[in-house]
Structure formats: structure tokens, C-alpha cells
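# Structural overview
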Amino acid sequence: MKLIIGGYAQGRLTYTLKKYHLTKHDVCDIHNDNHLKNYQEKKIIYHAEEFITIWRNAGKNISEEINKLLPNLQDKIIITQEVGCGLIPISPEKRQWREQVGHLNQVLAESSETVERVCCGLGMYIKQESSHVDSN
């Protein structure tokens, strides 16, 4: 698994498509699709933070759902929003969502062979396994 993180409107998807020579047909956008039915068929999972919203709305246990999801992501490129660098939300629900997304991102990062942060359309490695050297 490869993880791409970054803030809102930083060019995460454009960066990923260009770097890995993929197209929008390779993308499952969890935010716009708002369902989970076709994510396993795609190479890129975009807006992975929306898994949290879907699970919360369904009343599911977030930690259990993350553990169920991980085996299905091992050959994917995951793009998720970096949270925690902006203003702290006033509402308890939004703070809890942010904490749960932060937890998801931590688990994804730990399980990924590489983690890149995209800022202003530029990627920088945060984690790169020593046995994995990417020529792109």
C-alpha cells in the first residue's frame, strides 16, 4: 500500500495520477461516490477520510471497520486528507470525526510501504521502506 496525505486543495490527486501514470478511471472517490461498493476494483482510493463518515453514519465501530478494511487495501494507493493542522472545530462531533480520521491515517501510514505528503502539488516522502526504491 502507498499512502498520499495532504491538506485540502493541495493537488494530491493530480500529483498521484501523474506520478503513477494513471487516469481518473483508476480512481474510486469515496467522497463523491459516497458508498463502498467499487473501491476494491480501483487502483486509487481518493478521500479515504470519508470511510469515517460512512461508518459513523451507519453506527459502526470505527476501529473494527479499519481492521476489516486494511487487508483490502494492500495493493492500493490511498489518498487521504491530512487533519489536525487547522483550527479546532467547535462542535464535539466534528472534533471526534477529526480524531477518528487522524487514527485512520496513523493506521494507514503504519501499514503502508511508503507515505508521501503533498503540499502545493509537490510530494515529499515521510516514509520510504529501505527495500523500496521508486524511480518515479
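Above: the structure in question.
Residues numbered from 1 in each chain as written. Predicted model: local features only at pLDDT ≥ 70, side-chain atom pairs only at ≥ 80, totals over all residues. Heavy atoms only, no water.

### Some points on unusual backbone geometry
With a phi close to 60°, A9 is a non-glycine residue in the positive phi region. Looking at the element boundaries, A9 is found in the loop between β1 (2–6) and α1 (12–19). You can call A9 exposed: its relative accessible area is 64%. (Helix = DSSP H or I, 4+ residues; strand = E, 2+ residues; numbered from the N terminus. Buried < 20%, exposed > 50% of the residue type's maximum accessible area, 1.4 Å probe, protein only.)

### Describing the side chain of E49
Assignment of secondary structure puts E49 in the loop between β3 (44–46) and α3 (50–57). Buried and unpaired, E49 has R12 as its nearest opposite-charge partner, separated by 4.5 Å. (Lys, Arg positive; Asp, Glu negative; His and termini not counted. Salt bridge = Lys/Arg side-chain N within 4 Å of Asp/Glu carboxyl O.)

### Some remarks on the pattern of salt bridges
Considering all chains together, one arrives at 5 salt bridges under this definition. With a closest N to O distance of 3.0 Å, E116 and K19 form a salt bridge. Linking E116 in strand β5 (residues 114–119) with K19 in helix α1, this pair joins segments that are 97 residues apart in sequence. Residue E116 shares its accessibility class with K19, and that shared class is buried. Between K76 and D75 there is a salt bridge; the shortest N-O distance is 3.9 Å. Given the relative accessible area of 63%, D75 is considered exposed.

### Regarding the layout of surface pockets
Over the atoms a probe the size of a water molecule is rolled, and this reveals where empty space is left. Taken as a whole, the largest pocket spans an internal volume of roughly 210 Å³. The wall of the largest pocket is formed by 16 residues, among which Q81, E82, V83, G84 and G86 lie closest to the centre. When contributions to the lining of the largest pocket are tallied by element, the ones reaching two or more residues are α5 (92–111) and β5. Ranked by residue count, the leading element in the lining of the largest pocket is β5, at 3 residues. Of the residues belonging to the lining of the largest pocket, the class tally is 8 nonpolar, 5 polar and 3 charged. (1 Å grid on protein atoms, 1.4 Å probe; cavity = no way out; pocket = protein on both sides within 12 Å on 5 of 7 lines; lining within 4 Å. Points joined across faces, edges and corners; volume = space filled by probe spheres on them. Nonpolar A, V, L, I, M, F, W, Y, C, P; charged D, E, K, R; others polar.)

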